[in-house]
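Read off the chains here:
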Amino acid sequence: MDRILGTALLVFGAAVIAIALGPDPGVTAWVAQAVLEAAFTGLSWQLAQRRDQGSGTRRFWEAAAVAGLIFTAGAVLRAAQSANHPGTVAGLSTVPTILLTVATGVLLAFLLSRPWGSGRRVRKRLWLDMSIVLISGGVAVWMVTLIGRGDAHRTGQLVWTMAGAVILLAAAVALVRVVYTRSTPVRLLVGVTLTLAIAVFGVGHVLNPQLQTAPDLRAVLVVRMVPALLLVAAARFEQLRNPAPPARDRRAAAGLPFVAVAATQILLIVELATGGLTDRAWGALAGTVIVTGLVMIRQHLVFVENARLVRGLDETVAALGRQEDRLRYAARHDHLTGLPNRAALDERAKLLSSTEGQGRAVLLLDLNEFKAVNDTLGHHAGDRLLKVIANRLRRSVRPTDLVARLGGDEFSVLLADASASDAVEAAHRIMGDLARRARIAGRTLRPSASIGIAASHHEPFETLLRNADEAMYEAKRRNSGFHLHAEGDS
């Protein structure tokens, strides 16, 4: 166990034993509380000097050190009063209690004063969850306050009961703030421990009339020391943290509204079972109805938000699917003409190669005098001519054939289930379609191409493509328009 926490527990345990067995329990309890609160003051001041934290956190611990001094002063005064007036050991005394209340207010003010710092949608959910928790806390404060107020026969007692109720409600707000937001100056564990200390202090205020008349004042004195022990624990927890604590998990906070509903219902059941339909029971019933209604609204909002997220996810998946289709299309097609590219041509060739007993043919086309078009009319005219050629090639072949642009002014046609005569017939048809006049950049052109043809029943595609390339150059050399590569020539 940590040395400082161990020492604090040792002081607390020794004080419990001295209170139980010693002759002057009041002095012992308040001296022990003063020692613990002095330790909290020292730890808070050390935390305020750390440089591995934000300015807001440093200011909070500076304020905590000031609050610790006030706590200590109040405990010392109470110890002195207990020594002089033993009959008041368990009650509240005006000046010391004012000091302790002021110190509590300082801590609460710094826990609640910083901006919330969340987006609009998050803030709406946050305020709804806070309302649920706070109404549940308000029910508990209502019931505890009525219990305390029932025995508060003097004005001073009633004032402290009401002050304790305010402290309890503020502690509930601080607890929700610490659990739900990242903008608090302390970590979750530290904030929860601090708010618990403040809540126990508030309960002591609310139930002061009952505590003063309790049959066992020694137990009351032990309970009054608990907030001081929790303050020391909170400061030490902060000292032991890493310089950069991990991000807070909001999933734990999501269950807090349901805990609030359960708490109000349990309070209602207990009150009905023990006291019947009293004012406290009516308050608990009203709180239970309101909290349950808010939880239903909250769950409806969660459902709507989840539906929105699911729709957004579906749209994202659909958009990714469309993008994947576009990328797949772009990877297999020429961006200028829209024709399949070499990769698509290879895929179709592999598919045809797996089909036994069918002939296939490859036509390789190279446009004649295409460089002159680029040089004289410009590259835009050349691109326009390539698109015209691509459209004419599509119309010149069968639906089962594949026209591809290999690059530049070079095209290829893959004929499925075709013989050499079928390929020659396709070449004649292509040459006729290409020779039609085309109006490009204000000029009338008559496109033409040199076509190499290779056909076979058994040759692999790469061989056919190479043979078609040789035949194309032969057609250029002969200026014959097309040339058929005969099987066995290569």
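As a reminder, the structure under discussion sits directly above these lines.
First things first, this report covers the structure right here in the doc. (Residues numbered from 1 in each chain as written. Predicted model: local features only at pLDDT ≥ 70, side-chain atom pairs only at ≥ 80, totals over all residues. Heavy atoms only, no water.)

## What to know about empty space enclosed by the protein
Leftover empty space is mapped by rolling, across the atoms, a probe with the size of a water molecule.
Here comes step 1: In total, this model carries one cavity of 30 Å³ or more according to the counting rule given.
Here comes step 2: When its volume is computed, the largest cavity comes out at roughly 40 Å³.
Here comes step 3: Forming the walls of the largest cavity are Phe71, Thr104, Leu107, Ala197, Ile198, Phe201, Pro227 and Leu231.
Here comes step 4: Mapped onto the lining of the largest cavity, the elements with two or more residues apiece are α4 (94-112), α7 (188-206) and α9 (217-239). (1 Å grid on protein atoms, 1.4 Å probe; cavity = no way out; pocket = protein on both sides within 12 Å on 5 of 7 lines; lining within 4 Å. Points joined across faces, edges and corners; volume = space filled by probe spheres on them. Helix = DSSP H or I, 4+ residues; strand = E, 2+ residues; numbered from the N terminus.)

## A look at the nonpolar core
Here comes step 1: Counting residues in hydrophobic clusters, the biggest one holds 45 residues, and the most contacted among them are Phe40, Trp61 and Leu107.
Here comes step 2: Elements with a contribution of two residues or more to this core: α1 (3-21), α2 (25-48), α3 (55-84), α4, α6 (155-180), α7 and α9.
Here comes step 3: When near neighbours in sequence (up to four residues on either side) are disregarded, Trp61 contacts Phe40, Ser44, Leu47, Ala48, Gln53, Val186, Val190, Ala234, Ala235 and Glu238.
Here comes step 4: In this structure, Phe370, Leu386, Ala438 and Leu445 belong to the second largest nonpolar core, which totals 35 residues. (Core = buried A, V, L, I, M, F, W, Y, C linked by side-chain atoms within 4.5 Å. Buried < 20%, exposed > 50% of the residue type's maximum accessible area, 1.4 Å probe, protein only. Contact = heavy atoms within 4.5 Å.)

## Quick word on the sheet that holds strand β1 (residues 360-367)
Here comes step 1: Strands sit in the order β2-β3-β1-β6-β7 across an open sheet of five strands; the sheet is mixed. The two strands at the open ends of the sheet, each matched to only one other strand, are β2 (402-407) and β7 (482-485). If you compare each strand with its neighbour and ignore which way they point, the axes differ by 20 degrees on average.
Here comes step 2: Taken together, the four bridges between strand β6 (residues 449-456) and β7 define a ladder with parallel strand orientation. Each residue of the ladder has a partner; that of Ile451, found in β7, is Phe482.
Here comes step 3: Along the sheet, helix α13 (residues 342-353) contacts β1, β2 and β3 (410-416); its crossing angle with β2, the most-contacted strand, is approximately 135 degrees. (Pairing = 2+ DSSP bridges. Axes fitted to C-alpha atoms, helices over the stretch in contact; angles between N-to-C directions.)

## Section: the environment of Pro227
Here comes step 1: Relative to the assigned elements, Pro227 resides in helix α9.
Here comes step 2: On the basis of relative accessible area, Pro227 is assigned to the buried category, the value being 9%.
Here comes step 3: When the C-alpha positions of Pro227 and Ile198 are compared, they lie 6.8 Å apart, and in sequence the two are 29 residues distant.

## Remarks on helix α14 (residues 370-377)
For an α-helix, 3.6 residues make a turn, and residues three or four places apart therefore share a direction.
Here comes step 1: If you check which residues of α14 are buried, you get Phe370, Val373 and Asn374. The buried side chains of α14 occupy one side of the element, clustering within an arc of 95 degrees when seen end-on. Along α14, exposed side chains directed more than 90 degrees from the buried face belong to Lys371, Asp375 and Thr376.
Here comes step 2: Those residues of α14 that are buried are in contact with β1, α15 (379-396) and β5 (443-445).
Here comes step 3: Remark: Gly378 follows α14 within two positions and exhibits a positive phi of approximately 100 degrees. (Arc of directions from axis to C-beta.)

## With respect to α15
Here comes step 1: Taking 1.5 Å per residue as the helical rise, α15 with its 18 residues ought to reach 26 Å, and the 25 Å between its terminal C-alpha atoms agrees with that figure.
Here comes step 2: Considered for burial, the residues of α15 that qualify are Ala381, Gly382, Leu385, Leu386, Val388, Ile389, Ala390, Arg392, Leu393 and Ser396.
Here comes step 3: Looking at the buried side of α15, the elements it contacts are β1, α14, β2, β3, α16 (420-434) and β4 (438-440). (Expected span 1.5 Å × (residues − 1).)

## Notes on the packing of aromatic side chains
Here comes step 1: One pass over the full model with this rule turns up one aromatic pair.
Here comes step 2: Between Phe60 and Trp61 the ring centres are 5.1 Å apart and the planes differ by 80 degrees, which places this aromatic pair in the edge-to-face class.
Here comes step 3: For Phe60, a relative accessible area of 1% gives the class buried.
Here comes step 4: Residue Trp61 is classed as buried on the basis of its relative accessible area, which comes to 0%. (Phe/Tyr/Trp six-rings, centres within 6.5 Å; stacked < 30°, edge-to-face > 60°.)

## Some points on the pairing of β3
Regular strands show a simple pattern: their side chains alternate between the two faces of the sheet.
Here comes step 1: Counting buried positions along β3 yields six of seven residues, so the element is predominantly enclosed.
Here comes step 2: Where β2 meets β3, five bridges bridge the pair, whose relative direction is antiparallel. Residue pairing in the sheet places Gly407 in a bridge with Glu410 of β3.
Here comes step 3: Between β2 and β3, which pair antiparallel one after the other, the connecting turn spans two residues, and Gly408 there sits at a positive phi close to 60 degrees.

These figures capture arrangement, not role.
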